[in-house]
Amino acid sequence: MDTIIVKFLMNTADVDEIEMLTEWLKKAENKQYFKDYIKTNYAINYNLKNYNSKNFKKDFLRKIKLNKSIYVRYKFHKILEYAAVAVLVFGLAYIFEGSLFSNSDTTTPSIVNTNTILPGTDKATLTLEDGSVVELEKGSTLKTTNANSNGEQIVYKGGEHNSLETVYNYLTVPRGGEFFVILADGTEVWLNSESQLKYPVNFNKGSTRLVELIYGEAYFSVSPSTANNGTKFKVLNHSQEIEVLGTEFNIKAYADETNVYTSVVEGKVTVNNGDSIQELNPNQQSILNIETNRMTVGTVDIKSEISWKNGIFSFMDLPLKDIMKVISRWYDVEVIFENKALESVEFVGVLSKRQSITQILSIIKSTSINNYEIKNKTIILK
């Protein structure tokens, strides 16, 4: 097994070897052996000691940019989960307190009361058609004429409706939350932190199925038109309209960001900003600047774009300013850059959304910042 571990670390393990390692790591004693092996392995430590830390990190970032196709794999993530690994570097990883690429600054971060900082969880508020507001969270239940909720998701009753007036509900997910909803037509929607979705409790027979992402981020798995008498499905948000020609796509449209991102996983969508219409295919993303109304289309690593839905932060070539927006929404904290130069520093990493805030910050500290301070629900980067 030692040989396979080394091959994994050097990114030369094949699929079968990854499978073997995954199964082997399911045993507690093997997980500990894996961590101890990497801590004490002479060859790795020897080689790392002989690297110039700054040059090594620069070279590593350059290689990551040139080899984007290799950095996010689900099976790798499962192995890393067992080993408490958070940052992938061609198979080399952050394994334990004090990274393989640790900063020369070993100052202990100042931490004052992190008990109130917890990873996000399933929670939302539901605004019903009569204007009343219901809190949805784990342990609570809700039953209305149109829907049922167990506190972790809400499911609307199927079937079409004939009415002159369309009745809407609003599902609002706060900072530090996420939620899952199945609409009346069978469409599945995952809402990220700080998001709001407006949708009808029933879809009128023969009419376009229309919902609105008022702000935030949502992943849609759309019920096909063939199952809904041929009706189209459209999503409105900000300055664009999205018509679904396929099944799965992601929209990120936060109120505090200039750009709206639409990314296609399966099928096709068309994005209309009033000036032009762009058709997007799988692995394509449109970026709409809401200030200029200019839209561009490019190819993205779709697994990285939608990793949030699967409990993962995937940060690739992102500046810390953008990363901290994601962190602040999920952990419901404020972030202050004491050192403004850090805002543009890039971080590359794959992290679990279930890690504590101190684990997340320690990993970032190992490669990108000198130090940090936590005061209640405020994080100060130095």
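Basis of the calculations
- Residues numbered from 1 in each chain as written.
- Predicted model: local features only at pLDDT ≥ 70, side-chain atom pairs only at ≥ 80, totals over all residues.
- Heavy atoms only, no water.
- Helix = DSSP H or I, 4+ residues; strand = E, 2+ residues; numbered from the N terminus.
- Salt bridge = Lys/Arg side-chain N within 4 Å of Asp/Glu carboxyl O.
- Buried < 20%, exposed > 50% of the residue type's maximum accessible area, 1.4 Å probe, protein only.
- Contact = heavy atoms within 4.5 Å.
- Expected span 1.5 Å × (residues − 1).
- Polar contact = N/O pair within 3.5 Å; in protein donor to acceptor, adjacent residues only side chain to side chain.
- pLDDT = per-residue confidence, 0-100.
- Phe/Tyr/Trp six-rings, centres within 6.5 Å; stacked < 30°, edge-to-face > 60°.
- Lys NZ or Arg CZ within 6 Å of the ring centre and 35° of its normal.
- Core = buried A, V, L, I, M, F, W, Y, C linked by side-chain atoms within 4.5 Å.

A.B. asks: Is there a simple way to explain unusual backbone geometry in this structure?
C.D. replies: Across residues other than glycine, the phi torsion is negative in most instances, and most of the peptide bonds are trans. Even without glycine at this site, Asn293 takes up a positive phi of about 65°. Looking at where Asn293 falls in the secondary structure, it is placed in the loop between β20 (284-289) and β21 (294-299). Of note, the phi angle at Asp332 is positive, near 55°, even though the residue is not glycine. Structurally, Asp332 can be placed in the loop between α8 (320-331) and β23 (334-337).

A.B. asks: Could you clarify how one ought to interpret the pattern of salt bridges in this entry?
C.D. replies: Any two side chains of opposite charge can pair if their charged atoms end up close together. This structure, assessed with the given rule, holds 15 salt bridges. Glu334 serves as the salt-bridge partner of Arg175, at 3.4 Å between the closest nitrogen and oxygen. Of this pair, Arg175 sits in the loop between β9 (168-173) and β10 (177-182) while Glu334 sits in strand β23, placing them 159 residues apart in sequence. For Glu334, a relative accessible area of 48% corresponds to the partly exposed category. Each of the salt bridges in this network shares a partner with another, and the network as a whole consists of Arg175, Asp332, Glu334 and Lys377.

A.B. asks: Just to check I follow, could you spell out the environment of Ser286 for this structure?
C.D. replies: Its place among the elements puts Ser286 in strand β20. Owing to a relative accessible area of 0%, Ser286 belongs among the buried residues under this scheme. Distance in space between the C-alpha atoms of Ser286 and Ser263 is 6.7 Å, their sequence separation being 23 residues. Residues within four places of Ser286 in sequence aside, it is in contact with Val260, Tyr261, Thr262, Val271, Leu280, Met295, Thr296 and Val297.

A.B. asks: What should I look at first to understand α8 in this one?
C.D. replies: Each α-helix turn comprises 3.6 residues. Residues three or four places apart therefore point the same way. The first and last C-alpha atoms of α8 sit 16 Å apart over 12 residues, in line with the 16 Å expected at 1.5 Å per residue. Of the residues trailing α8, Asp332 is marked for its positive phi of about 55°.

A.B. asks: It is not clear to me how helix α9 (residues 357-367) should be interpreted in this structure. Could you clarify?
C.D. replies: Within α9, 9 of the 11 residues are buried, leaving the element largely enclosed by the surrounding structure. Where α9 is concerned, the buried positions are Ile357, Ile360, Leu361, Ser362, Ile363, Ile364, Lys365, Ser366 and Thr367.

A.B. asks: I would appreciate a short explanation of the side chain of Thr187 in the present structure.
C.D. replies: For Thr187, the position within the fold is in the loop between β10 and β11 (188-191). Look at Thr187 and you get buried, because its relative accessible area is 0%. A polar contact of 3.0 Å, which involves the side chain of Thr187, links it to the backbone nitrogen of Ser223. Beyond its immediate chain neighbours, meaning those up to four positions away, Thr187 contacts Val181, Ile182, Arg209, Phe220, Ser221, Val222, Ser223 and Phe233.

A.B. asks: So what exactly am I meant to see when it comes to the confidence of the model for the protein chain here?
C.D. replies: Note: predicted coordinates in regions of low pLDDT should not be interpreted at a detailed level. Taken as a whole, the protein chain shows an average pLDDT of 80; of its residues, 74% reach a score of 70 or greater. Low pLDDT (under 50) marks residues 39-54, which in the prediction has 9 contacts with non-local residues, meaning those over four places away or in another chain.

A.B. asks: Explanation requested: the packing of aromatic side chains in the structure shown.
C.D. replies: Each aromatic ring pair is described using two quantities: the centre-to-centre distance and the angle formed by the ring planes. Scanning the model with the defined rule gives 6 aromatic pairs in all. Measuring from centroid to centroid gives 5.2 Å for Tyr156 and Tyr199, while their planes differ by 80°, and the two rings are edge-to-face. Residue Tyr156 is found in strand β8 (residues 153-156), and its partner Tyr199 is found in strand β12 (residues 195-200); the two are separated by 43 residues along the sequence. With respect to burial, Tyr156 and Tyr199 carry one shared label: buried. Three or more aromatic residues joined by ring pairs form one cluster here, namely Phe180, Trp190 and Tyr219. Cation over ring: Lys252 sits above Tyr261, and NZ or CZ is 4.9 Å from the ring centre. Looking at Lys309, its charged tip hangs above the ring of Tyr219, at a distance of 4.7 Å from the centre.

A.B. asks: What is the right way to look at the environment of Asn339 in this model?
C.D. replies: Relative to the helices and strands, Asn339 resides in the loop between β23 and β24 (346-352). Given the relative accessible area of 29%, Asn339 is considered partly exposed. In this structure, the C-alpha to C-alpha distance between Asn339 and Asn370, residues 31 residues apart in sequence, is 9.7 Å. Setting aside anything within four residues of it in sequence, one finds Asn339 in contact with Leu381 and Lys382.

A.B. asks: Is there a simple way to think about the nonpolar core in this case?
C.D. replies: Nonpolar side chains tend toward joint burial in soluble globular proteins. Judged by nonpolar contacts, the single largest core of 39 residues is most densely connected at Ile154, Leu171, Phe220 and Phe249. For this core, the element with the highest residue contribution is strand β13 (residues 209-221), accounting for 4 residues. With residues up to four places along the chain from it excluded, the contact list for Phe220 reads Thr187, Glu188, Val189, Leu197, Val211, Phe233, Val235, Thr247, Glu248, Phe249 and Ile251. Listed in part, the 24 residues of the second largest apolar core include Leu320, Val333, Leu342 and Leu351.

A.B. asks: Just checking my understanding: could you explain the side chain of Glu178 for this structure?
C.D. replies: Within the secondary structure layout, Glu178 lies in strand β10. Looking at Glu178, its side chain comes within polar contact range of the side chain of Lys353, at 3.3 Å. Within polar-contact distance, the side chain of Glu178 engages the side chain of Arg354 at 3.2 Å. In contact with Glu178, not counting residues within four places along its chain, are Thr121, Asp122, Lys123, Val173, Leu191, Trp308, Trp330, Lys353 and Arg354.

A.B. asks: What's the story with the environment of Leu210 in this structure? I'm lost.
C.D. replies: Residue placement: Leu210 occurs in strand β13. Leu210 sits in the partly exposed class, given a relative accessible area of 31%. Through-space distance from the C-alpha of Leu210 to that of Phe233 is 6.0 Å; in sequence the pair is 23 residues apart. Dropping the residues within four chain positions of it, Leu210 is found in contact with Pro200, Phe203, Lys234 and Leu236.

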